[in-house]
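# Residue-level structural notes
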Amino acid sequence: MMSSGEIWLTVAGLTLVTIVTRNAFLVLGHKVALPERVQHALRYAPACALVALIVPEVALQSGTLALGFGNPKLIASVVAAATLLLTRRAVAAIALGMLAFTLIRLL
Amino acid sequence: MTGRSVFGTDPTVAAVRREAFLRGARAAGPALVATSIWGLVTGVAMIKTGLTTAQALAMTLFVYAGSAQIAALPLIAADAPVWVALLTATVVNLRFVIFSATLWPYFGRMPLKRRLVLGYITGDISLALFMARYGYTPAAQRGNTEQIWYFLGICCATWLSWQPMSIIGILLAGLIPGQWGLEFAAILALIAITVPMFHGRPAVAGCLTAGVVAVLAAALPLKLGLVLAVIAGVAVAMAADVFAERNTKGRAA
């Protein structure tokens, strides 16, 4: 565990890191002319980022790929995605996904 | 009247701004389930790592970047050097540089102070919702009043769903048992936001690539896999876009 001082330093550093990364282009963008094609392609960035955050959490079990029925997170994610496609209700998808996740782990 | 001071004194302009702001806030509606759960989970995780209430509150209010916070926590617990924690968070946050480039055509000409505020409040979900609505705006119409206030509406709703829930998580962490698997509810909430974004072949190709690269590169140090996955996904989506364009032009000729 870090010392209290180190934690405060980390919190301050994280604040700075977030400010710099989130504003990088908004502040300096006029100095780097982005080609129109790249500007167009960037509209896919948010979806790609979300997928890149989700997939390793769901498909990996302690670092190894687990694409079978033995992976409760994978099954529950499929249940949630299917519920969303069928009902278009986010809350129902999360609830059924959690239900599947809990049941599989208990059984 | 608070409404007047927030949206400006000119009644016509204020009406446009208020309308766009409320529309943005409403568009954020379903995603707020996700941000609330994520906020709660992040709040709980900070306390379970061993941060004091003051440290956790400072982190949620000043940093306001869930994935970077969660990436830094195990390093804090393991007494890693501060610079390693910061470098890891920087790499996790590199996708925000890409997001910042995404927003620049829209908001790059605003006064510096406002751009800094927009930067602070831009998260994964707010950008995703904004681009879903205005991603296809022609270059000349990007960044008009309506778009700015729509974006502000999304971001304010997101902030207001994240922060109180994160603070509740910080204050009630002791009451929430780990076996509930609340972290996984946060992942399911992200899935619920992401699935509707698989629109059209370029998006699907890009997302598939991002998913595969994220898994293949998961073992890389400093969470480098995340930013590699985003870059690869965007590159493939762009290639698919070019390919689709050529195909339609070929057919037209």
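Read on for an overview of the structure. (Residues numbered from 1 in each chain as written. Chains lettered and ligands numbered in written order. Predicted model: local features only at pLDDT ≥ 70, side-chain atom pairs only at ≥ 80, totals over all residues. Heavy atoms only, no water.)

Looking only at helices and strands, chain B has 11 helices and zero strands in total. In chain B, the succession of α and β elements from N to C terminus is α-α-α-α-α-α-α-α-α-α-α. In summary, chain B has a C-alpha radius of gyration of 20 Å against a globular reference of 18 Å for 253 residues, a match within 12%. Seen along its three principal axes, the alpha-carbon backbone of chain B occupies a region of about 65 × 55 × 35 Å. Taking all 253 residues of chain B together, the buried fraction comes to 54%. Long-range pairs, those at least 24 residues apart, make up 77% of the contacts in chain B between residues at least 6 apart in sequence. Total accessible area on chain B is roughly 11500 Å²; 70% of this is exposed by carbon and sulfur atoms. Of the side-chain charges in chain B, 18 are positive and 8 negative, and the distance between the mean point of each set is 5 Å. (Helix = DSSP H or I, 4+ residues; strand = E, 2+ residues; numbered from the N terminus. Rg over C-alpha atoms; globule rule 2.2 N^0.38 Å. Buried < 20%, exposed > 50% of the residue type's maximum accessible area, 1.4 Å probe, protein only. Contact = heavy atoms within 4.5 Å. Areas by Shrake-Rupley, 256 points an atom, 1.4 Å probe, with all protein chains shown as cover. Lys, Arg positive; Asp, Glu negative; His and termini not counted. Charge placed at Lys NZ, Arg CZ, Asp CG, Glu CD.)

Of the residues lining the interface, 64 residues belong to chain A; the matching set on chain B comes to 92 residues. Interface area for chain A against chain B, summed over the two sides, is near 6700 Å², with a carbon-plus-sulfur share of 77%. Per-residue buried area on chain A facing chain B is highest for A:M1, A:R22 and A:L26; these three make up 12% of the total on that side. B:R142 is paired through a salt bridge with A:E36; the nearest N and O atoms lie 3.1 Å apart. At the junction of chain A with chain B, the criterion picks out 15 residue pairs in polar contact (both at pLDDT 80 or more). Broken down by secondary-structure element, the contributors of at least two residues to the side of chain A that touches chain B are α1 (4–28), α2 (36–41), α3 (45–59), α4 (72–87) and α5 (90–106) of chain A. The biggest single contributor to the side of chain A that touches chain B is α1(A), with 19 residues. Class assignment for the residues of the side of chain A that touches chain B results in 43 nonpolar, 13 polar and eight charged. (Buried area = accessible area lost by both parts, 1.4 Å probe. Salt bridge = Lys/Arg side-chain N within 4 Å of Asp/Glu carboxyl O. Polar contact = N/O pair within 3.5 Å; in protein donor to acceptor, adjacent residues only side chain to side chain. Nonpolar A, V, L, I, M, F, W, Y, C, P; charged D, E, K, R; others polar.)

Counting 114 residues, the largest nonpolar core has B:L51, B:M59, B:F107, B:F130, B:F184 and B:I191 as the members making the most contacts within it. In terms of residue count, the dominant contributor to this core is helix α5 (residues 82–107) of chain B (14 residues). Discounting residues that sit within four places of it in the chain, B:F184 has contacts with A:V58, A:K73, A:A76, A:S77, A:M98 and A:F101. (Core = buried A, V, L, I, M, F, W, Y, C linked by side-chain atoms within 4.5 Å.)

Here we come to the environment of B:L220. Note that B:L220 resides in the loop between α10 (200–216) and α11 (224–252). If we skip the residues at most four places from it in the chain, B:L220 touches B:G225 and B:L228.

Looking at the secondary structure, you find B:A78 in the loop between α4 (66–77) and α5. Each C-alpha atom of the pair B:A78 and B:T90 lies 18 Å from the other, and the pair is 12 residues apart in sequence.

This next bit is on the environment of B:L224. Residue placement: B:L224 occurs in helix α11. With 20 residues separating them along the chain, B:L224 and B:A244 place their C-alpha atoms 30 Å apart.

Moving on: the side chain of A:R22. Here A:R22 is to be found in helix α1. Within the buried set, A:R22 has no salt-bridge partner at all; the shortest N-O distance to an opposite charge, 6.1 Å, is to B:D124. Engagement of the side chain of A:R22 in a polar contact is seen with the backbone oxygen of B:T122, the distance being 2.7 Å. In this structure, A:R22 is in contact with B:V63, B:Y64, B:A65, B:F96, B:S100, B:G119, B:Y120, B:T122 and B:G123, ignoring residues within four places of it in sequence.

The values reported here are purely geometric and, on their own, carry no functional implication.
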